[in-house]
Amino acid sequence: MGETVGNLIGLNDEVIHPAATLAVEAHNSPSKQFLVKKIKIRHDLSSVVVLAFSGSMLPEDWFGQPPFGETEIDTGKFPSLTSLNDGGDAVVNGSFLRRFNDVLDKLSHAKELKAAIEKKKQVVFAGYSSGGPIAILATLYFLENQTLSPRCLTFGSPLVGDRIFGHALRREGWSDYFTHFVMKYDIIPRIMLSPSSTEHKQILNYFKSKFDKKNINPAPPSGFYHTVMGNASSVASYEACHLMGCRNPSLDIIKSFIKLSPYRPSGTYVFCTGNGNLVVVKNPNAVLQILIHCAELGESNTAEVEKRSLDEHSAYLSELKECLGMQAVVSLDGGPATATLNDLGLSPQAMLCLQAAEEFENRRSRNLEKIRKYLEKIEVELQMLRKYKENAQISRLGYYDSFKLQNEDDDFHANVSRLELAGIWDEIKEMLKEFELPDDFENKPEIIDLGTEYRRLVEPLDIANFYRHSKDKETGAYVIGGGPRPKRYRFIQRWLEHREKKPFGSRSESLFWAGVEQLGIDIKKKKNLQEIKDRIRQLERNMIAWIDVDKSLDKDVLLEKTTFVKWWRDLPRECNSESERIEKLIGEKAAGV
Amino acid sequence: MLATFLSSTPVLQDSWRLCSLANSAATVVTDHVRGVAYVAFPGTVMPSGGANLVALDGAPDGLFPPLQHRHAQHQHEDPPMIHAAILDHFRSFYTSTTFHNQILAVIEKSKAVVMTGHSMGGAVASLSALWLLSYLQSITSSLPVLCITFGSPLLGNDSFSRAILRERWAGNFCHVVSNHDFIPRLFLAPLPSLSAHHPHFVLQFWQLLMNILQSDSETAKIFGFLLPYIQEWVANMEEECVESPFSPFGNYLFFSEEGAVCVDDAAAVGKMLELMFTKASPGSSIEDHLKYGDYTEKASWQLLMRKSFTLGEPPESSYEAGLALAVQSCGLANQESISGPAKDCLKMAKRVNRLSPHLNAANLSIILSKNVPYRAQIEWYKASCDKSDDQMGYYDSFKLRGASKKGAKINMNRCLLAGFWDNVIYMLESSQLPHDFLKREKWVNASHFYKLLVEPLDIAEYYKTGKHLTHGHYLKNGREERYEIFDRWWKGREVGNEENNNRRTTYASLTQDSCFWARVEEARDWLDQIRSESDMRRSAMLWQDIDSFERYATRLVENKEVSMDVLAKNSSFTLLMEELQDFKSKTQQFPPQFPAFLNGEMVP
C-alpha cells in the first residue's frame, strides 16, 4: 500500500487527470478525429504528448454483425496479434477496427506526433468510452511499427479483443503499456460481454442524447441490467469453472448450446471503488471476475443499481480528481488483500473466483519450473544425437541415411532418443495450447534457441522414419498443409520466424530431406516435368542459402553416400541449374572429412 | 460454479417454456431458438404398471445398442435395467412415424439439440436423448445433444447409470430438481406398497397429476385428494430409501430458495435427494413439482445477487468456504442436523482427485513418452524377427519363444503397455480427462498403432498358453476390451479428405487388421476339424468358413495391408496357406468344395 497509480503503471501521476480531461473533451467533439495536448511535468520539466480520440454512440459503431460483431484482426497491420500455436489470429470488434482504420491515415501524418517521435518524447494515447478502443488499437499499431513506444490510457472503455489478443499482448511484453480505468458499476466496460440486443441500443441512445447536449436529462432506459449482466455472468462463471478445474463434461457440452462473448480484458485495470480508493489488477482472469462481481446487486434494488451503472459512466473526471492525489491505491497482484476487496464489496463467491485466478497464474509459473527441468533432459538427449550425427559421418553416409537404414544398435538408440524428445516437446505443445504456461514462453530466447536446435537436429530423423516406413502412401507427403508433419516442429519454426519477423514458412531448413524424398518419389511417378524442374531449382537455391549464408543446414547432407548426393547426381543435366556450385560444395565436404 | 453457469444461460428458461407448452398441449412440441432445436415431451402421459424394472438386453428392437452391448468383462454385473412402464411409453412415441420425422427434421436444421420434459415427460426425454445419442454414434455424427429434465422420476438401475458413464454420455444429461419435489424421489420408496391398500391409487394419482399439468384450475381439489396419500408415502420413504433398486445418472441441478448446486456423482445425488427432502411437507412436495418456472426465473436473478454468509464467521480455507457456500445454496445452512451430512456429501461429490483434466492429460503425455521405448523395443524385436534366418515373423517367433531373455523382455513390455492403456481408458471413463480427448489425433493414433503392434503378441500368448482349448477362440472369448475400445476410437476419428485414396505399393509396416492372426488360428483349427470330420454337412460349413477366410486374407494381401512378417517363409500364415492348397488338391475329387448353391441354405 501507499503507492500511487502512476508508480504502479509506470507513468507520472500528473499526466492521468489531464489525459482523462482531454479524452472526455475529444469524445464529445466528433468533428475532430483526435485532439492533441502537451502536458508539462513539474518536477523534471519534461513533457508528455497526449492524443485523445473522439467517440461515437451510434449502435453501428459498436456492433457490426450480431451477436458480437467480431472480426479477425488484419495481421498485415498487426503481425504480432496471432497465436503461435494454431490458436488462429486475434479477434477484435469489427466496428472499432473500422473506426481505427478511418483515423489511421490522419494520425500517422499528424505533425505533433512526428515532432514527438523526433524529440523522443513520451506519447500517450487516451480514450474515453468508445474513444478507448481507438486508443488501444493506435497504441498497438505503433508498438508493432516500433517507431515509438507509446502508453495507452482509457476511461470506461468497452472491451476490444479476445483471449488471443490479450495473450499476444502479454507474449510481446506490451501488456503493461495499457491502463484501463473502470468505475465500479459503469455498464459500458461490461457491455461487450453480452450479445447485441435492443437493450444495447437503448443504452447507447441514452448516452448519445446525453452527450449531444440537446436533451439535458434524457429518460434513462430500464430493464437492461438483467440481460447485460446475466450474459456477462455466463462468461465469468464459465471461465471460473475452468479456473477451478471443473471436470464435468457438461460444461463444454452446454457451451456448445450458447454463444459466449469472445471478448476478454487485457492490460492493467484500475477499478475506482467509489470511496476514493483505487484497486490495480493485472491478472486478466481476475479482472474479468471483478468486472462482473463488483457490479452485483447488493441490498439496493435493481432500479438503483441500473441508474448507477449509467451515471457512473460519466463520473470519471470527478472520481479521478478525488483519488489520484491520494496514496490509497492497492495492487491486487501478489495475493488478494481482503481489506481492499471490501472496498469493491466482493462476495465470498467472488473471492473464491479471484483465488482461483491467482492459483491459475501460480500454476503456470510452476509449469514453467517443470519445463526448465526438462530442458536439462533435452540437452542430454540432444548431446547424444549430436554424437550420433558426428559418428555417422565416418561412414560417409550421414546420420539421415544411417537412421533410415536402421542397421546398427546406435540407430536404435537414436530412435529412442528421438521418441523421448518428441514426448517432451509434445507435452510443451499441449501445455501451450491450453494456456498452461506463462504467456511470454514462446518469446523466450533460450527456449526458441533450444527448440531451433532440436528442430534442425531431430526433424531429419522424423523424416527418415516417415519415408523408411513409406508412410507417404498412407497420409500423403510429409509437408502438406495440416499433413503428417508433427505439429511440434511447425510451432517451433513459427517461434523463430516470429522473432525474426519473417513470413510463415520461411525457415523450413529442417524440411530439406522431406523435399529431397518427395522429389525423388514424384520424379518416379513422372509428374509434370516443368513443375519438377522448378521445384529442383528452388531446392538447390534454398540449400545453397541455408548452407552458405546462414549455416542453418549442416554440410553433412553433402557426404558422398547420402540419398541427396546420389539422387542429385542421377538427375538429368538439364534439371540442375546450380550444378557447379553444388558440385563444388560436395567436393569441399569430401576433402574436409 | 457449474450451477451458476447453467442458470446464467438461457437454455434452462427456454427449455422450461417449451415444457409448459408441451404440458398444456399434451403433445411433443419443437422449437428453434438461435440455431438450437428444442424438443419437449409432455408430462401428461400415464405409466401403466408399477415400478418394476426390465433389462435393456431384453428389448428386441435394439433401441440403444451401445448400452445393450456388454463386454465379457462386465458380465458379472447386473444387466442395465430401466423402468418398464417408462420404456413402454417411450416406445409408443418411438414407433409412431411422426416422431421419427420430427426428430430427423430437427437434426437436419440445427447445430444442436435439446431434449426436455417435465415430470414423466422428463423420463421420456431422457430415453429419447439416449436413443438419439446411440443413433448419432452409429452415423459418427458429433451433433451436440443435451437433455434437460424438470422433476423427472428416476429411470434405471446402477448398471444402467454406469453404462451411460462408460459411453461418456453422463455429461449430456441435466436433471433439474427443485427443493422438495417428490417425483424425482418417487421411486426411492415404490408406490406399490401403497397400492396394496388402495388398488386404484396409482391410476388415480397419475390421472390427477396429468390434470394439474394441463391446467391449473383443479389444483385445490387435487391437493385435498392427494395429501393423505403423500403423507403416507413420505413416512414410507424414510424406511425404504436404502433398498431402492433405482440409481440416478447424469448431472443433478438442485434448486432451493437460496440458490443452486450441481452434483454429478451418483451416490452423492442419491444422498442429496434424501437430505433436501427432510424438511419437506406434503404440500410443498407437490407444489415444488409444479413450480419449475418460478425456480428457473429466480435462479437467473439470484446469480446477480451479492451473496454473503448468512451465519457465523466465514471459514478459513477457501476449500471450506466453497463447501459452505454450496451447502447454503441448497438452503440447508440453517438446519443444524442436515448441514453436516450435506457438507460431507458435497465433499464426496468433489472427489479425491482434484487435478484438472487438462493437467491429467499432460501428465499422461509424459507417461506415454516414457512408455514409448517399450514400444520401440517391440518394433525392434519385430524387425529383427523379420530379418532372422528362421523366417517366421514376429508372431510365430513370439508364440514359439523358448526361455530366451529377449522373448521374456518383450513379454514384459507387452504387459507394461497393457497396464498403461488400461489406465488411460479408466481415466477417460471416470471423466478425469478432457472432454475432447478423443479428438486429439495423438492419442487415437498412438492407441491404434499400439493395437496393431501389440495385439498380435496378445494373440500369440493366448494360443501359446493353450487358452483357446479351455476358453474358446480368441476373437470371441479372449479379446481384451481395450482393443474393442480402440477400434471404436479409430473409427470415430475425423478422417481427412486426402486419406485412403492412395493405394499401397509396398507392404504396410504393420498388418492393418490387428486380429489377423486370430483369424489365421481359427482357420487352422477349421482345417484340422475338416480332416477329422465325417459329417458332410458340418464339413461343408467348415469349408465355407475357410473359404471366406481365404477370400479375406487374399484381399488383405492384395491390398498390401499386411506387413512383411505375414508372408515370411515359415510364418503360420504361409504354412497354413500351403497346407490348404495341398489339402484342396488332394480333396479335389470330392466336389463340391465351395458350392455356391449351398450358400442360400446354409446361411440363415
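About the thresholds
- Residues numbered from 1 in each chain as written.
- Chains lettered and ligands numbered in written order.
- Predicted model: local features only at pLDDT ≥ 70, side-chain atom pairs only at ≥ 80, totals over all residues.
- Heavy atoms only, no water.
- Phe/Tyr/Trp six-rings, centres within 6.5 Å; stacked < 30°, edge-to-face > 60°.
- Helix = DSSP H or I, 4+ residues; strand = E, 2+ residues; numbered from the N terminus.
- Contact = heavy atoms within 4.5 Å.
- Pairing = 2+ DSSP bridges.
- Axes fitted to C-alpha atoms, helices over the stretch in contact; angles between N-to-C directions.
- Core = buried A, V, L, I, M, F, W, Y, C linked by side-chain atoms within 4.5 Å.
- Buried < 20%, exposed > 50% of the residue type's maximum accessible area, 1.4 Å probe, protein only.
- Salt bridge = Lys/Arg side-chain N within 4 Å of Asp/Glu carboxyl O.
- pLDDT = per-residue confidence, 0-100.
- Patch = residues over 30% accessible without salt bridge, like charges linked within 9 Å, V, L, I, M, F, W, Y side chains within 5 Å.
- Areas by Shrake-Rupley, 256 points an atom, 1.4 Å probe, with all protein chains shown as cover.
- Parallel < 35°, antiparallel > 145°, perpendicular 65-115°, else oblique.
- Left-handed = near helix turned anticlockwise from the far one by under 90°.
- Nonpolar A, V, L, I, M, F, W, Y, C, P; charged D, E, K, R; others polar.

## Looking at the packing of aromatic side chains
For any pair of aromatic rings, the description consists of the separation of the ring centres together with the inter-plane angle of the planes.
Residues and elements named next belong to chain A.
Right, on to step 1. In the structure shown here, the tally under the stated rule is 50 aromatic pairs over all chains.
Right, on to step 2. Look at Phe207 and Phe211: their rings are 5.9 Å apart centre to centre, the planes differ by 20°, and that puts the pair in the stacked class. In this pair, Phe207 and Phe211 are both assigned in helix 8 (residues 198-212), 4 residues apart and thus about one turn of the helix distant.
Right, on to step 3. Note on Phe441 and Trp495: the rings are 6.2 Å apart at their centroids and 85° apart in plane angle, and the pair reads as edge-to-face. On the criterion of sequence distance, the pair formed by Phe441 in the loop between helix 17 (409-433) and helix 18 (445-468) and Trp495 in helix 20 (residues 487-499) is long-range, its members being 54 residues apart.

## Observations concerning the environment of Asp176 of chain A
All names here are of chain A.
Right, on to step 1. Inspection of the secondary structure puts Asp176 in the loop between helix 6 (163-171) and strand 7 (178-183).
Right, on to step 2. Here the alpha-carbon distance between Asp176 and Ser266, two residues 90 residues apart in the chain, equals 9.5 Å.
Right, on to step 3. With near-sequence residues (within four places) excluded, Asp176 lies in contact with Ile9, Arg151, Thr268 and Lys282.

## Overview of the sheet that holds strand 5 (residues 112-118) of chain B
Residue and element names in this part refer to chain B.
Right, on to step 1. The sheet built from 7 strands is open, its strands ordered 1-2-5-6-8-10-11 with mixed pairing. Sheet topology places strand 1 (29-33) and strand 11 (260-263) at the edges, where each strand pairs with a single neighbour. Between one strand axis and the next, the sheet turns by 20° as a mean value, whatever way the strands run.
Right, on to step 2. Inspection of the sheet shows strand 6 (residues 145-150) paired to strand 8 (residues 173-178) by 4 bridges, in the parallel sense. Residue pairing in the sheet places Ile148 in a bridge with Cys174 of strand 8.
Right, on to step 3. Here helix 13 (residues 292-302) sits on the sheet in contact with strand 5, strand 6, strand 8 and strand 10 (251-255), set at roughly 105° to strand 8.

## Concerning the side chain of His473 of chain B
Right, on to step 1. Assignment of secondary structure puts His473 of chain B in the loop between helix 20 (467-471) and helix 21 (474-478).
Right, on to step 2. Ignoring anything within four residues of it in the chain, the contact list for His473 of chain B reads Tyr462, Tyr463, His468, Gly478, Glu521, Glu522 and Asp525 of chain B.

## Notes on the nonpolar core
All names here are of chain A.
Right, on to step 1. Formed by 156 residues in total, the largest nonpolar core has its most connected members in Leu107, Phe125, Phe155 and Phe271.
Right, on to step 2. When residues in this core are grouped by element, the largest group, 10 residues, is from helix 9 (residues 224-243).
Right, on to step 3. For Phe271, the contacting residues outside a window of four places in its chain are Val182, Asn277, Leu278, Val279, Val281, Val287, Ile290, Leu291 and Leu344.
Right, on to step 4. Tyr478, Ile536, Ile544 and Leu553 belong to the second largest nonpolar core, which has 66 residues in total.

## Looking at unusual backbone geometry
All names here are of chain A.
Right, on to step 1. Despite not being glycine, Arg396 has its phi angle at roughly 60°, a positive value.
Right, on to step 2. Within the fold, Arg396 resides in the loop between helix 15 (348-394) and helix 16 (398-405).
Right, on to step 3. Judged by relative accessible area, Arg396 falls into the partly exposed class, the value being 22%.

## Quick look at the pattern of salt bridges
All names here are of chain A.
Right, on to step 1. Going through the model one piece at a time under the given rule, you end up with 58 salt bridges over all chains.
Right, on to step 2. One salt bridge connects Arg507 with Glu509, and the closest N-O pair in it is separated by 3.3 Å.
Right, on to step 3. Taking the relative accessible area as the measure of exposure, Glu509 reaches 2% and is therefore buried.
Right, on to step 4. We note a salt bridge from Arg537 to Asp534, for which the minimum N-O separation is 3.8 Å. On the criterion of helical spacing, the pair formed by Arg537 and Asp534 is a turn pair, its members being 3 residues apart in helix 22 (residues 529-549).
Right, on to step 5. Accessibility expressed as a relative area gives 26% for Arg537, which makes it partly exposed.
Right, on to step 6. Under the relative-accessibility criterion, Asp534 is labelled partly exposed at 37%.
Right, on to step 7. Beyond isolated ion pairs, a larger network of salt bridges with shared partners links Arg455, Arg456, Glu500, Lys502, Arg507 and Glu509.

## Brief notes about the confidence of the model for chain B
All names here are of chain B.
Right, on to step 1. This prediction gives chain B a mean pLDDT of 75; 72% of its residues lie at or above 70.
Right, on to step 2. This model gives residues 192-199 a pLDDT under 50, and the stretch forms 12 contacts once residues within four places in sequence are excluded.
Right, on to step 3. Note that residues 496-501 has pLDDT below 50 and, in this model, 5 contacts with residues that lie over four places away or in other chains.
Right, on to step 4. Across the predicted assembly, pTM comes out at 0.80 and ipTM at 0.76.

## A few points about a nonpolar patch on the surface
Right, on to step 1. Side chains of Leu104, Tyr135 and Ile139 of chain B sit close together on the surface and give an oily, nonpolar patch of about 230 Å² of accessible area.
Right, on to step 2. Structurally, Ile139 of chain B is set in the loop between helix 6 (120-138) and strand 6.

## Some details on the packing of helix 19 (residues 441-464) of chain B against helix 22 (residues 481-492) of chain B
Residue and element names in this part refer to chain B.
Right, on to step 1. Close contact between helix 19 and helix 22 brings their axes to 10 Å; oriented N to C, the two are set at 140°. When the axes of helix 19 and helix 22 are compared, the pair comes out oblique. In this structure, helix 19 crosses over helix 22, and the sense of that crossing is left-handed. Here Val444, Asn445, Ser447, His448, Tyr450, Lys451, Val454, Glu455 and Asp458 of helix 19 come into contact with helix 22, specifically with Arg482, Tyr483, Phe486, Asp487, Trp489 and Trp490.
Right, on to step 2. A class-by-class count of the residues in the contact of helix 19 with helix 22 yields 7 nonpolar, 3 polar and 5 charged.

## Focus on the packing of helix 18 (residues 405-429) of chain B against helix 22 of chain B
In a pair of packed helices, the angle between the axes and the distance between the axes together describe the arrangement.
Residue and element names in this part refer to chain B.
Right, on to step 1. One way to put it is that helix 18 packs onto helix 22 with a least axis distance of 11 Å and a crossing angle of 60°. As for how helix 18 packs across helix 22, the hand of that crossing is left-handed. Each of Ala418, Trp421, Asp422, Val424, Ile425, Leu428 and Glu429 in helix 18 lies in contact with helix 22, whose residues at this interface are Arg482, Ile485, Phe486 and Trp489.

## Structural notes on the pairing of strand 8 of chain B
Residue and element names in this part refer to chain B.
Right, on to step 1. Along strand 8, 6 of the 6 residues are buried, which leaves the element largely enclosed by surrounding structure.
Right, on to step 2. Note that strand 8 and strand 10 share 5 bridges and pair parallel. For Val177, the partnering residue across the bridge sits in strand 10 and is Phe254.

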